[in-house]
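For reference, the chains in residue letters:
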Amino acid sequence: MTEIIDGNEVAQGIRDGLVAGIDDLTAAGTTPCLATVLMNNDPASQTYVSMKHKDCEEVGIATRDIELDPEAPAAELFDTVDELNADPEVHGILVQMPLPDHVDEREVLRRIDPAKDVDGFHPENVGRLVAGNARFKPCTPHGVQKLLAAADVETEGADAVVVGRSNIVGKPMANLLIQKADGGNATTTVCHSRTDDLEAKLRAADIVIAAAGVPEMITGDMLSADTVVIDVGINRVETDEGSELVGDVDFESAKPKAKAITPVPGGVGPMTRAMLLWNTVKAASAESGVDVRLP
Ligand SMILES: Nc1nc(=O)c2c([nH]1)NC[C@@H]1CN(c3ccc(C(=O)N[C@@H](CCC(=O)O)C(=O)O)cc3)C=[N+]21
């Protein structure tokens, strides 16, 4: 029987596991605090940001909710980041992507204090991750590692195939999988839009991590039996009845081939949010010098 890996349940376990540390920090005078900055009018982004706030509230993390006019000059966002960097009560800063075209994303990421960069996107934190000395693991790939561990999937010695090479998922995912560490030690292949014979790579995989952003591009006939399939894709597609969320994997055809598989929604998405809380607690712990146990 194929195991359906329940991301909502694993994420709930992470949140529950964070509460004791958050309480300890709060008792010591440091309530962890996450600031979000939203500078777009995309309804999906607004939904994601409000889910992040709700998660924080559940576990006792304080929040700041900043919304900027998408038409505002880039300097307004830079000033906001500078203020949050300087605010001793703020431990984590998340600038929601995407940003308007007139704002240079790289410049924003460079501007965030690396000690508050709970997305793990600042070049210093990217460098540390690659060097095997991560401060903040990016939330989505970190969440995938936690899902694999929760499903008792051994990465050591496994052949892992990551489909997609983005800075936010594909690249950090591959970096985590090759680390000489728990959740790593996998022989890792990164596939992308220019890969020749993707199917041959997928068929040779023990673990497939789909993060290409192409709806249902991976179908069951492309997989070997007993593959572990992690679907990072979150694509809204139009249907006869309106619209629905689908992953990068065609769930119905992939499921019978898979040893274990994550659904969309209810798979990686909730884990991305849970690991954001995790990084915020880690940031508050580092800043305050109060050691806490992380789940
Ligand atoms: N600086 C920054 N950091 C991010 O981490 C970031 C971002 N910008 N921009 C947008 C993407 C997208 N993202 C999601 C996180 C959780 C779900 C999620 O929880 N999805 C649920 C519910 C989906 C739904 O119902 O809409 C699920 O898959 O079950 C989705 C998407 C974080 N992102």
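Residues numbered from 1 in each chain as written. Predicted model: local features only at pLDDT ≥ 70, side-chain atom pairs only at ≥ 80, totals over all residues.

1. Things to note about the UniProt feature "domain: Tetrahydrofolate dehydrogenase/cyclohydrolase NAD(P)-binding" (unreviewed entry) in the protein
To keep it simple, the criterion reads: UniProt positions are given in the numbering used here, feature names are shortened, and annotations may be inferred rather than shown by experiment. Secondary structure follows DSSP: runs of H or I at least 4 residues long count as helices, runs of E at least 2 residues long count as strands, and numbering of each begins at the N terminus.
In the numbering used here, UniProt assigns the "domain: Tetrahydrofolate dehydrogenase/cyclohydrolase NAD(P)-binding" (unreviewed entry) feature to residues 138–286. Between the end C-alpha atoms of residues 138–286 there is a gap of 17 Å, over a span that is 34% helix and 22% strand.

2. Some words on the sheet that holds strand β8 (residues 227–231)
Here is the rule: Strand pairing is defined by DSSP finding a minimum of two bridges between the two strands.
Pairing is parallel across the open sheet formed by 6 strands, whose spatial order is β1-β11-β8-β7-β5-β6. Pairing within the sheet leaves two strands with one partner each, and these edge strands are β1 (3–4) and β6 (187–191). Both β1 and strand β11 (residues 258–261) contribute to a ladder of 2 bridges, which runs parallel. Note on β11: the bridge partner recorded for Ile4 is Ile261.

3. A closer look at the UniProt feature "binding site: NADP(+)" (unreviewed entry) in the protein
We apply this condition: By definition, residues are in contact whenever their C-beta atoms, placed on the basis of the backbone, come within 7 Å of each other. Exposure classes come from backbone-placed C-beta atoms, where a residue is buried if 20 or more other C-beta atoms lie within 10 Å of its own, exposed if 12 or fewer do, and partly exposed in between.
In the numbering used here, UniProt assigns the "binding site: NADP(+)" (unreviewed entry) feature to Gly164, Arg165, Ser166 and Ile234. Setting aside chain neighbours within four positions, we find Gly164 in contact with Val169, Gly170, His192, Ala211, Ala212 and Gly213. Classification of Ile234 by C-beta neighbours within 10 Å gives partly exposed; the count is 19. Beyond its immediate sequence surroundings of up to four residues, Ile234 is in contact with Leu245, Val264 and Gly269.

4. Here's the deal with the domain arrangement of the protein
Worth spelling out the cut-off: Just so you know, the domain bounds were taken from an automatic or database domain assignment.
Each assigned domain of the protein is listed here: domain 1 (19–127) and domain 2 (139–268). Measuring from the centre of the C-alpha atoms in domain 1 to the corresponding centre in domain 2 gives 27 Å.

5. Some points on the site of the ligand
Quick reminder of the rule: Nearness between a residue and a molecule or strand is assessed with a C-beta atom placed from the backbone; a distance within 6 Å qualifies. Each residue is assigned to one class: nonpolar for Ala, Val, Leu, Ile, Met, Phe, Trp, Tyr, Cys and Pro, charged for Asp, Glu, Lys and Arg, and polar for all the others, Gly among them.
Taken together, 18 residues are adjacent to the ligand, and Met97, Pro265, Gly266, Gly269 and Thr272 come closest. Where the shell around the ligand is concerned, the elements lending two or more residues are α2 (43–59), β4 (92–95) and α10 (268–288). Sort the elements by how many residues they give to the shell around the ligand and α10 lands first, with 4 residues. Here the residues of the shell around the ligand are counted per class, giving 11 nonpolar, 5 polar and 2 charged. The residue makeup of the shell around the ligand includes at least three contributed by each of domain 1 (19–127) and domain 2 (139–268).

6. Quick look at the pairing of β11
Consecutive side chains of a regular strand alternate in pointing toward one face of the sheet and then the other. In this structure, β8 lies alongside β11, joined through 3 bridges in parallel fashion. Each residue of the ladder has a partner; that of Thr227, found in β11, is Ala258.

7. As for the sheet that holds strand β3 (residues 62–67)
What counts is decided by this rule: Between the N-to-C directions of two axes lies an angle of 0 to 180 degrees, each axis being a line fitted to C-alpha atoms and, for a helix, fitted only over the stretch in contact.
Strands sit in the order β3-β2-β4 across an open sheet of 3 strands; the sheet is parallel. Each edge of the open sheet carries a strand with a single partner, namely β3 and β4. Within the sheet, the average angular offset between the axes of one strand and its neighbour, ignoring direction, is 15°. Bridge analysis of strand β2 (residues 33–38) against β3 gives 6 bridges, and the strand direction is parallel. The residue of β3 that forms the bridge with Cys33 is Ala62.

8. A few points about the environment of Val49
For Val49, the position within the fold is in helix α2. The exposure class of Val49 is buried, given the 20 C-beta atoms found within 10 Å. Each C-alpha atom, one on Val49 and one on Val37, is 8.7 Å from the other, the two residues being 12 residues apart in sequence. Sequence-distant contacts of Val49, that is, excluding residues within four places in its chain, are made with Thr36, Leu38 and Gln96.

9. Notes on the environment of Thr272
Checked against the element boundaries, Thr272 lands in helix α10. For Thr272, a count of 23 C-beta atoms within 10 Å corresponds to the buried category. Residues Thr272 and Cys139, spaced 133 residues apart in sequence, show a C-alpha to C-alpha distance of 4.9 Å. When near neighbours in sequence (up to four residues on either side) are disregarded, Thr272 contacts Cys139, Thr140 and Gly143.

10. With respect to the pairing of β2
Counted only if it meets this: Looking down the strands as they point away from the viewer, one classifies a crossover as right-handed if the path from the first strand across the helix to the second runs clockwise.
β2 sits mainly inside the fold: 6 of its 6 residues count as buried. Where the polypeptide runs from β2 across α2 and back to β3, its parallel neighbour, the crossover connection is right-handed. Of the strand pairs in this sheet, β2 and β4 are connected by 4 bridges, and their pairing is parallel. Within β4, the residue paired with Thr36 across the bridge is Leu94.

11. Focus on the packing of helix α1 (residues 7–27) against α2
Counted only if it meets this: Roughly parallel covers angles under 35 degrees, roughly antiparallel covers those over 145, roughly perpendicular covers 65 to 115, and oblique covers all other angles.
Across the interface, α1 lies against α2 with an axial gap of 9 Å and an inter-helix angle of 55°. Classified by the interaxial angle, the pair formed by α1 and α2 is oblique. Residues Arg15, Leu18, Val19 and Ile22 of α1 pack against Asp55, Glu58 and Val59 of α2. Per-class residue counts for the contact of α1 with α2 are 4 nonpolar, no polar and 3 charged.

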